[in-house]
Structure formats: C-alpha cells, structure tokens
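Coordinates in review
The residues making up each chain are set out below.
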Amino acid sequence: MNKNSESEWIGKWISSGFAKVSEEPKFSLADMFSGKKAPIPKPVEERLHAPIVFKKTFDLNKPVKSAKLEITAQGLYQAYLNGKKIGDAIFTPDYTQYQEYLQYQTYSVKELLVKGHNVFTAVVADGWYAGRVAVSGASCQYGNQLALLADLTIEYTDNSKVKIGTDETFSVGTGKWKYSDIVIGEKQDLRIKNKLTDVDPFPEKARVIDADYHRLSSQYGPQVKKMQTLTVKKIWQEGNKLIADFGQVIAGRIRLTANFKKGADIKIEHSEALDQNGHFFKNIIGRNKDQEDHIIGSGDLATFEPDFTFHGFRYIRITNLNQVDIKELAAIIIFSDMKRTGEVSTSNKRINRLLQNIKWSERGNMLSIPTDCPQRERVGWTGDMQIFAPASTFYYDTESLIRRWLKNVRIDQQKDGEIIDYSPAPEDFYQSTLDFKGTLSSAGWGDAIVMVPWTLYQRYGHKEVLKENYQAMKRWHNYSVRSAAADKKGNDRFIWDTTFHYGDWMFPSMMIRNPNPMKSAEVTKDLVATTFLAHTSELLAKISSVLGEEGNDYIEYANKVKKAFAEKFVKEGKLTSDYQGCYVLALAFEMVADNKVKKQLLKRLVQLIHNNNDCLDTGFLSVPYLLDVLVDNEQVDLAKKLFLQDKCPSWLYEVDHGATTIWESWAGIQPDNKVGTFSFNHYAMGCILDWFIRQVVGLNVVKPGFKEVKIAPKFKNLVNDFKMKFLSENGLFLIKLKDGKYEFTIPEGCTATVYPPNSSQFLKDYPEAQAKNSGIFINSGTYHWHY
C-alpha cells in the first residue's frame, strides 16, 4: 500500500535556503543541430552547489524490537545511521517522472541503532531531479528545490513506539562534496570532515516546504547498485598526465586510493575511446557533458569514489597525480540489480565477443531506466527500447524495470494520445522538441507503448502488463489514425505522411560518408511510418483478443493501410523509397498481399545487399527484422553472410576494431582508424542477440512465459559448437551443439514442438514424441539429434 497523502506521513518535506539549484541558460535542440554555440557558462563551481546534509540526533534508552525507515527526496539521497550507509542501493529514489511519480524506499535499520546517542544523516544531491539531465544540457527539469522526506519508526521490546519524522528539528549543512551533478561530475574536498556521526547539529535549521505527497509510491522494480569491480589493466604517461585503461567500456565510476597532495586539485576525465594515435580522446561532446570528477587532496592516503554521479568510459585521464602515489585504482560497474537469466557462448571467439558486447551494453543502459547511452543523452528513448526489448529479456529479467519505465511513458502521454519520443521527459523536452521537429512523437518510437508490453507478455506470461497499458495503446492508436487521416480523402487517409517521423533512422549509407541523420528520416519517413501504422494495428488486435476485448476493427484498419501502402509505395516491383530497410519492413510486416510482388520486393532487397558489397544498410527500425526476413524467405546463406560480415558496416567489423560494447554508429571507428565523436555504448543494434537465440540456437517462445516453445535452429554450420542456458518464468532451458550433436532440455511443465533434420529417426529415438503438423510435439525432458 502506498503512503501518498500528507496525513500518512509523520515527516514533512524539508529543505533549506541554500538548496536551490541554478538554472542553465536556454539552449535548444534546434540550436544544437544548427551548429550554434552554447552560451558560455560560468565556471562549474559558480553554477553548482554542494549537496545538502540533513542531520537529526536522538537517544534510545530501551531495547529495540524493530526499526523501519521510509524515505525519499527531491534529488538523489544517501542516508546514514551512526555513520553507516543505509541499504546497498545507490541513486535512490530512482529516475521517474517526478512531478507525478516519485518512489520512496523502506529499510529495516534495527542493526544500525545503538543504545544512547544516535545520529541520522541524509545527503541530497541534484541527481536527475535538478541536475543537467536534458539532452541540451539544461538543469532543473523537475524542480529547483532539493528536499528530503522521511519517517523513522522504532518499536521497543515492550511494544511501545517512537516515531521520528523530518521537520524543523533537523539541522542542515554541507560535507566533503563541493558539488555533484549526475552528468557533469562530482568534486570532493578530502580535507573536509563529513560530520556524519557528530552529535552536534549544524548551525542552520531545516525548514518545512510545500511539496506534493500524492505523487509518492513505494519502490517498484530493481534498484541501482554497485554490481562489479574492474581492476585497471594498464597505466601510462601522456605528457604530464596519466592515462588508465580498464579494458572494458562501462557505466560507472572509479575508486582511487592514493597519497593526494594537500590542496592539490586532481582532475579525472572519462572517455570510451582513444584516438587513432592511441591518445586520450573525449568522444562525448556537448553542453554540460563534462564527465569530469575532481579531488582536493588532504595530504594523506585516502580513497576517492564519487557518490552522486556516473560516467560512460573505458579510459580515464588523471591530472596532478603521480603514478607512484597510486595505491589502488578500480572501476565500479553500476546498473540496476536485475536477476541473471541467460548465458550463451560459442566456439567462435569473435561471435562470443559480439554476444558479450551486447550484454555489456545492456548493463550500461539498464540504469534505473532503459537508456540509449550512459554518457551523452542518457534518456529513455521509446524507439531504442522498442528495438531492444526482445533481446533485453535474455541475459536479465528486465520485466519490472521496463514496466516501471512504461508507467513513466503513460504519465508522459499527451492529451491527444501522443506517446512522446522519450520518458521520463524533462521539462526542456517539450518546447525544444517542437521547435526542432514540429512534433513530440514518431512512428516506431511511439509504437513502443504497444510493442514493448506485447514483448514482455510473450516473454514473461503476465497479462497485467497488457492491462496496465491497454488504454494508453488505444489512445496512441487513435492519435495515429487521426494524424494519418488529417483532412485527406480516400486511401490517402491510411498513409502516415502528415507529420515528421524519424523513419529508418541513421541507416549507414546516410551516416558513413556524409553524416546526416535527418536525411535518412526525410527519404524513408512516410513509408516506414505507414508500415508501423499497420503493424501496431495488428498487434493491438492480438492484445485485445488476449484481454477479451473486440479487436476486429484493428484488423480491418490494418488491411486498409496495407492496401493504401501497395498503391502508394510499390511501383513496378520496387518501393518508392528504394532502401534496404524499407524492403525489410514491408516484408516483415507483410505489407503486400500479392505473392508475385512480394517476390519482386525480396529480389530487390537481395540485389541492394549485393550492390552494397554484401553489407547491411538498415537503420534503427529495420535492423531487428533484416536477418529474419532473409531466413524466412529462403535466403539463409545471405543471412549467414551478413551476420558473419566483417566489412563496415557489420557487427563483426566493430569487434575487429576493438569494440567491447555496441556502438551508436557502425563506423564509430572508421576503416582508416579515425575515431568519431559518437557514443560507443548504444544497445539498440544489439537486437541481433534475439535473432541469434531464435534462429541459430533455436529457442522460440510459442506460449507466453515459454510455457510452450519451438526448437528450430536454422543454421547447422554458422558456428561449430555453442551452449545456452536460459531461466524462463517456467524453468531452465538448456541447449548445446557439440561435434554435430544437438542436445536440449525442456523443463518440467513445459512442452515443445521440435524440427529435427531427420524426423523419422527422432521418432524412433523417442517413441513418446508425437508428429504434429510439420514438427514433432514433446513434453519436458532431455533430447538430442545429430545433424
């Protein structure tokens, strides 16, 4: 049950006169893309303030039976009892649409209490609430007043209780943190004592402020934690600075133990790549994208680790510190604490590196919300999640994290039904996006409200995710229908060409030679938007059926869209937007009914691939379907060639050029080794993992939650050997290929339809199996066949 009214809290929202966050000058997306220079800012320390420390002392004179802390903040908080941190989560209270959805956390804190004097402290920093989280680098996106709300309930062994709530009896001050911004970075002065255990209060008293309680909701989904530590792989001198390599691109921060010279300002810069000459290179540019931490030395051996910021990096550059003074240097990997569910490896080292790169990009971008990248934008793009959702469910159980994010998407849905480009949406998003592209939504992005819940239902089997989002789905669909129709007549009403769409965003031929993502939108948007209009309508019909609702109208509408599509975009066996991705989507979504025309479109797709040196040229929305379309249309060898391709653009090209995560741009590092100012940690193109599990390993979900599966590997020689384990909602699946023997285990209570290369031999080996259509039906157990 949620405590979401003021009467349910003992505590009040408290703040202080110096807890206001400064606002950055206006600088829009249109300004950014037009090449305008951002306003010259004041120095960081003049714009950012110190995190606020709230303190309360109290006495306990009786044995304690239990103690519970309920707490949240406007900003990020870390809470302590008697100097010991409460809980192992960081970045609480998670990133949500704070104006309407703010989580509070509950902790058992009995073990941290002592008899006599106790000190409760909580440090609140800008975080996502007030930090520089807008894509344009703007601050104060959800508010400019940091604040704390907490209830501490202590029950004694005699059943009496004492309740302590945040109020004017708390004192407020600052500690070692000079400033901390979740994007810019953090500065700590190690000469300053934090006073987290001092019973003496700060000179200034907290003040109660007017802040909302109705938005409060108890914690749902995984919390962000420190998940792993990487030791430094190599340190070297570059000029008078040190460069350190951790061997892996991550989202996280460093922990540095060293003898810091007293008063020295040690600067730590973060980057994901070196330049072509092996020198430190800041691959992320833009206003307030500093990714820079500072330490003021105390003159002693000390340990520095930021508390309220994180960075995307593999390399760091350290200024004002000698290598001889470093005693320990490590990278702390942070992401949301999701349950591990899958693992897969093969006999091919390059493919293994690709599969691991996808896992690392998922880790770096499942940080409170599903983000596009962990260093530059860090926002919950609906298109990226729509693309990656199926793959996201393999390595980790992502259901609750994505469902929490979907709540933000619903909150951000506009009155007219638009599902906006990303959620949670900072204040800066709205006017800045309208000025930039004239609309808040886009086909293929907004469709995430239908496609992502459907994916979660298929993978986890819980109807609740469909019920939660069904009304939002219908409102988005109604908006899409109205937007496409506008004031047009006839079949033109079913072509969605009335507004801007990202289209098949950033397909390689538009990005490698002369980068222009808006050009990729211009030449594909109308066709691509219309394919998603039909596809989402069909999915909505399926969802309606699952929920016992009428869905025939959605099927009828989809058919009208497809008819209009064929009339508008198909000319003499080709598409009017003659690009690989457009053919892929037309075939994947079955936009053309005429088999002869379908064969012509497939032939043209194959020709375009060959014309492109047997390389892909698909953008954001079409990549997930490319290899499936080829396999499903008897182009298995071509699919294999594309997957194993190592020329640019390809997945293995990235591997061969040192990738440890999935890149934003296929040519982030060009064939001449020139390094671009791109993100090197974007999970979207990692969608290929889902294809690999389904088509190469052969595990396909048939009934939601993997209650029934299809075992149908399509490649007998793409890799020599592989092994996979996957813990579904209904048990553990094991599949391996070794020396031509394909072996698989179906967990208890699950069934499968299998497609062995020799059905008659399989039936002889397993007489309990039953022929079913073109496949063979089996119950749980372990089986095998030989290729």
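Presented here is an overview of the structure given in this document. Computed from a predicted structure; not experimentally measured.

Thoughts on the sheet that holds strand S37 (residues 751-754)
The strand order across the open sheet built from 5 strands is S32-S33-S37-S39-S38, with neighbouring strands paired in mixed fashion. A single partner strand is all that each edge strand has here, and the edge strands are strand S32 (699-703) and strand S38 (770-772). Ignoring which end each strand starts from, the neighbouring axes of this sheet average 30° apart. Relative to strand S33 (residues 708-711), S32 runs antiparallel, the two sharing 4 bridges. Considered in S33, the bridge of Leu699 is made with Ile711.

What about the packing of helix H6 (residues 399-412) against helix H8 (residues 448-460)?
At a closest axis distance of 11 Å, the pairing of H6 and H8 adopts a crossing angle of 155°. Comparing their axes, H8 and H6 come out roughly antiparallel. The crossing of H6 and H8 is left-handed. Contacts from Glu399, Ile402, Arg403, Leu406, Val409 and Arg410 of H6 reach H8 at Ile449, Val452, Pro453, Leu456 and Tyr460. The residue inventory of the contact of H6 with H8, partitioned by class, reads 8 nonpolar, no polar and 3 charged.

Considering the packing of aromatic side chains
For the coordinates displayed, the defined rule picks out 49 aromatic pairs. Judged by centre distance (5.1 Å) and plane angle (85°), the rings of Phe532 and Phe589 are edge-to-face. With Phe532 in helix H10 (residues 517-546) and Phe589 in the loop between helix H12 (580-588) and helix H13 (595-611), this residue pair connects regions lying 57 residues apart in the sequence. Side by side, Phe532 and Phe589 carry an identical accessibility label, which is buried. Relative to Tyr787, the ring of Tyr742 lies with its centre 6.4 Å away and its plane at 70°, an arrangement referred to as edge-to-face. Note that Tyr742 is positioned in strand S36 (residues 741-746) and Tyr787 in the segment after strand S40 (781-786), a separation of 45 residues in sequence. Among the aromatic residues, ring-to-ring pairing joins Trp381, Tyr422, Phe429, Tyr430, Trp445, Phe500, Tyr502 and Trp505 into one connected group. Note that Lys234 overlies the ring of Trp236, its terminal NZ or CZ placed 5.1 Å from the centroid.

A short note on the side chain of Ser217
Mapped onto the elements of the fold, Ser217 is located in strand S16 (residues 216-218). Ignoring anything within four residues of it in the chain, the contact list for Ser217 reads Asn2, Tyr101, Leu102, Gln103, Tyr104 and Lys407.

Topic: the pattern of salt bridges
Applying the stated criterion to the full structure yields 48 salt bridges. Between Glu24 and Arg47 there is a salt bridge whose closest N-O contact spans 2.7 Å. One end of the pair, Glu24, is in the loop between strand S1 (14-15) and helix H1 (29-34); the other, Arg47, is in helix H2 (residues 44-47), and 23 residues separate them in sequence. Here Arg132 makes a salt bridge to Asp126, at a shortest N to O gap of 3.8 Å.

As for the environment of Thr319
Its place among the elements puts Thr319 in strand S25 (residues 311-319). With 53 residues separating them in the primary sequence, Thr319 and Ile266 have C-alpha atoms 5.6 Å apart.

Let's talk about the sheet that holds strand S8 (residues 116-125)
A sheet is described by the order of its strands in space; here 6 strands give the open sequence S5-S4-S8-S2-S11-S14, paired in antiparallel fashion. Two strands lie at the open edges of the sheet, namely strand S5 (84-85) and strand S14 (204-205), each paired on one side alone. As paired elements, strand S4 (residues 76-81) and S8 share 6 bridges and run antiparallel to each other. Residue pairing for S8: Gln78 is matched across the bridge by Val123.

Digging into H10
Along its 30 residues, H10 runs just 38 Å from first to last C-alpha, ending more than 12% under the 44 Å computed at 1.5 Å per residue. The largest bend in H10 is about 60°, located at Thr524. Just beyond H10, the residue with positive phi is Gly548, at close to 75°.

Overview of the pairing of strand S13 (residues 185-189)
Counting buried positions along S13 gives 5 out of 5 residues, so the element sits mostly inside the fold. A two-sided burial pattern is seen for S13, the buried positions comprising Gly185, Lys187 and Asp189 on one face and Glu186 and Gln188 on the other. Here 4 bridges tie strand S12 (residues 177-181) to S13, and the two strands are oriented antiparallel to one another. In the sheet register, Ser180 faces S13, and the bridge partner there is Glu186. Bridge analysis of S13 against strand S23 (residues 292-296) gives 3 bridges, and the strand direction is parallel. If you follow Lys187 over to S23, its bridge partner there is His294.

Brief notes about the environment of Thr72
Checked against the element boundaries, Thr72 lands in strand S3 (residues 64-74). For the pair formed by Thr72 and Val528, sequence separation is 456 residues and the distance between their alpha carbons is 43 Å. Apart from the residues within four sequence positions on either side, Thr72 is in contact with Trp13, Tyr77, Pro93, Leu102, Gln103, Tyr104, Leu148, Leu149 and Leu216. A distance of 2.6 Å separates a polar side-chain atom of Thr72 from the backbone oxygen of Gln103.

Points about the nonpolar core
Counting 246 residues, the largest nonpolar core has Phe692, Ile711 and Phe744 as the members making the most contacts within it. Take this core: its biggest share by element is 11 residues, from H10. Leave out the neighbours within four places in its chain, and Phe692 touches Val344, Thr346, Ile351, Leu355, Phe643, Val697 and Leu718.

Quick word on unusual backbone geometry
Glycine aside, the phi torsion of most residues is negative, and most peptide linkages are trans. A cis geometry characterises the amide bond from Thr92 onward to Pro93, with omega recorded as 15°. Within the element layout of this structure, Pro93 appears in the loop between strand S6 (89-90) and strand S7 (102-108). In this structure, the amide linkage connecting Ser423 to the following residue, Pro424, adopts the cis form with an omega of -5°. In this structure, Pro424 sits in the loop between H6 and helix H7 (427-437). Positioned with a positive phi, Lys195 is a non-glycine residue whose angle comes to about 60°. If you trace the backbone, Lys195 turns up in the loop between S13 and S14. On the basis of relative accessible area, Lys195 is assigned to the partly exposed category, the value being 40%. Phi angles above zero are rare outside glycine, and Gln291 is one such case at about 50°. Note on placement: Gln291 falls in the loop between strand S22 (280-281) and S23.

A word on the side chain of Ser368
Within the secondary structure layout, Ser368 lies in the loop between strand S28 (366-367) and strand S29 (369-370). Of the polar contacts made by the side chain of Ser368, one reaches the side chain of Asp94; its length is 2.6 Å. Apart from residues lying up to four places away in sequence, Ser368 is in contact with Asp94, Tyr95, Trp128, Val224, Ser336, Leu401 and Arg404.

With respect to the environment of Ile495
With respect to the element layout, Ile495 can be found in the loop between helix H9 (464-485) and H10. For Ile495, a relative accessible area of 1% gives the class buried. Sequence separation of Ile495 and Leu533 is 38 residues, and the distance between their C-alpha atoms is 8.5 Å. Dropping the residues within four chain positions of it, Ile495 is found in contact with Ala484, Lys488, Thr530, Ala564, Phe565, Lys568 and Phe569.

What counts as what
Residues numbered from 1 in each chain as written. Predicted model: local features only at pLDDT ≥ 70, side-chain atom pairs only at ≥ 80, totals over all residues. Heavy atoms only, no water. Pairing = 2+ DSSP bridges. Helix = DSSP H or I, 4+ residues; strand = E, 2+ residues; numbered from the N terminus. Axes fitted to C-alpha atoms, helices over the stretch in contact; angles between N-to-C directions. Parallel < 35°, antiparallel > 145°, perpendicular 65-115°, else oblique. Left-handed = near helix turned anticlockwise from the far one by under 90°. Contact = heavy atoms within 4.5 Å. Nonpolar A, V, L, I, M, F, W, Y, C, P; charged D, E, K, R; others polar. Phe/Tyr/Trp six-rings, centres within 6.5 Å; stacked < 30°, edge-to-face > 60°. Buried < 20%, exposed > 50% of the residue type's maximum accessible area, 1.4 Å probe, protein only. Lys NZ or Arg CZ within 6 Å of the ring centre and 35° of its normal. Salt bridge = Lys/Arg side-chain N within 4 Å of Asp/Glu carboxyl O. Expected span 1.5 Å × (residues − 1). Bend = angle between axes of the 7 residues up to and from the residue. Polar contact = N/O pair within 3.5 Å; in protein donor to acceptor, adjacent residues only side chain to side chain. Core = buried A, V, L, I, M, F, W, Y, C linked by side-chain atoms within 4.5 Å.

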